[in-house]
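Chain residues, written in single-letter form:
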Amino acid sequence: MFTGIVTDMGEIRALQQAGDLTARIGTSYDTAGIDLGASIACDGVCLTVVDLGDDWFEVQISAETLSKTNLGSWAEGRRINLERALRVGDELGGHIVSGHVDGLAEVISIADEGDSTRIQFRAPDALAKFIAPKGSVALNGTSLTVNEVQGAVFGINVIPHTKEATTWGQVAVGDKVNLEIDTMARYVARLAEMS
């Protein structure tokens, strides 16, 4: 489990396709404190650490994960949002995030509003019903509050700190981002279907 509070921006150092895709990710985390088999959210995708170095870790990415996320567009030098798994007693500053991406949302507009930036997205139609105003979504692993929703289009605001501490300062119209809907919204919708 994660919170959607990004704690490092990693850099893709190497990609190797051999069966599954292996990615080497540079990090400022103290890798001596990371165990093999640990889970790290990489742009919102829960991935398993399979190798470690002084300032990097490696993960394997299955074809299934590549088909459901934007990880297939990773290239060497790309910056990504990282979050270590939640431990009992850690502060829950965002919302409960599983690292299981539901689909891709497309950035359709970006506009500065004061010091913040308003970003609008188009969600897949099947996921739009799970996104509500003032609800939470995880986008590329970042817990964000939904401002407004109109059909499959929804908007969020990113404050300057978030733009500096995550990859949101580099976003562009047309980007596809990993979308994880709020777990509670998923269960509420399922209960409503069963009624």
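Refer to the structure presented above.
Next up on the list: the overall build of the protein. What the protein contains, in helices and strands, is 4 helices and 12 strands. For a compact globule of 195 residues, the expected C-alpha radius of gyration is about 16 Å, and the protein comes in at 16 Å, within 12% of that figure. With the C-alpha coordinates aligned to their principal axes, the bounding extent of the protein is approximately 45 × 45 × 35 Å. Pairs at least 24 residues apart make up 68% of the contacts formed inside the protein by residues separated by at least 6 positions. Of the charged side chains in the protein, 15 are positive and 27 negative; the average position of the first set lies 5 Å away from that of the second.

This structure, assessed with the given rule, holds 6 salt bridges. Note that Glu 58 is salt-bridged to Arg 24, the shortest N-O span being 2.8 Å. Note that Glu 58 is positioned in strand S5 (residues 56-61) and Arg 24 in strand S2 (residues 20-26), a separation of 34 residues in sequence. In this structure Arg 24 comes out as partly exposed when scored by relative accessible area, which is 27%. A salt bridge links Glu 148 to Arg 118, with the shortest nitrogen-to-oxygen separation between them at 2.5 Å. With Glu 148 in strand S10 (residues 142-150) and Arg 118 in strand S8 (residues 116-122), this residue pair connects regions lying 30 residues apart in the sequence. Among the charged side chains, a salt-bridge network with shared partners connects Glu 113, Arg 118 and Glu 148.

This next bit is on the packing of aromatic side chains. All told, the structure shown has 2 aromatic pairs when counted by the stated rule. Where Phe 121 meets Trp 168, the ring centres are 6.0 Å apart and the plane angle is 90°; that geometry is what we call edge-to-face. Highlighted residues: Phe 121 in strand S8 and Trp 168 in the loop between helix H3 (160-165) and strand S12 (176-181), separated in sequence by 47 residues. Here Phe 121 matches Trp 168 in class, with each residue buried. Each member of the aromatic cluster is reached from another via a ring pair, and the members are Phe 121, Phe 154 and Trp 168.

Let us now look at the nonpolar core. Counting 22 residues, the largest nonpolar core has Phe 121, Leu 139, Phe 154 and Trp 168 as the members making the most contacts within it. Every element with two or more residues in this core is listed here: strand S7 (103-113), S8, strand S9 (136-139), S10, strand S11 (153-158), S12 and helix H4 (183-194). Leave out the neighbours within four places in its chain, and Leu 139 touches Phe 121, Leu 144, Phe 154, Ile 156, Trp 168, Val 177, Asn 178 and Leu 179. In this structure, Ile 12, Ile 25, Ala 38 and Leu 71 belong to the second largest nonpolar core, which totals 20 residues.

Quick notes on the rules
Residues numbered from 1 in each chain as written. Predicted model: local features only at pLDDT ≥ 70, side-chain atom pairs only at ≥ 80, totals over all residues. Heavy atoms only, no water. Helix = DSSP H or I, 4+ residues; strand = E, 2+ residues; numbered from the N terminus. Rg over C-alpha atoms; globule rule 2.2 N^0.38 Å. Contact = heavy atoms within 4.5 Å. Lys, Arg positive; Asp, Glu negative; His and termini not counted. Charge placed at Lys NZ, Arg CZ, Asp CG, Glu CD. Salt bridge = Lys/Arg side-chain N within 4 Å of Asp/Glu carboxyl O. Buried < 20%, exposed > 50% of the residue type's maximum accessible area, 1.4 Å probe, protein only. Phe/Tyr/Trp six-rings, centres within 6.5 Å; stacked < 30°, edge-to-face > 60°. Core = buried A, V, L, I, M, F, W, Y, C linked by side-chain atoms within 4.5 Å.

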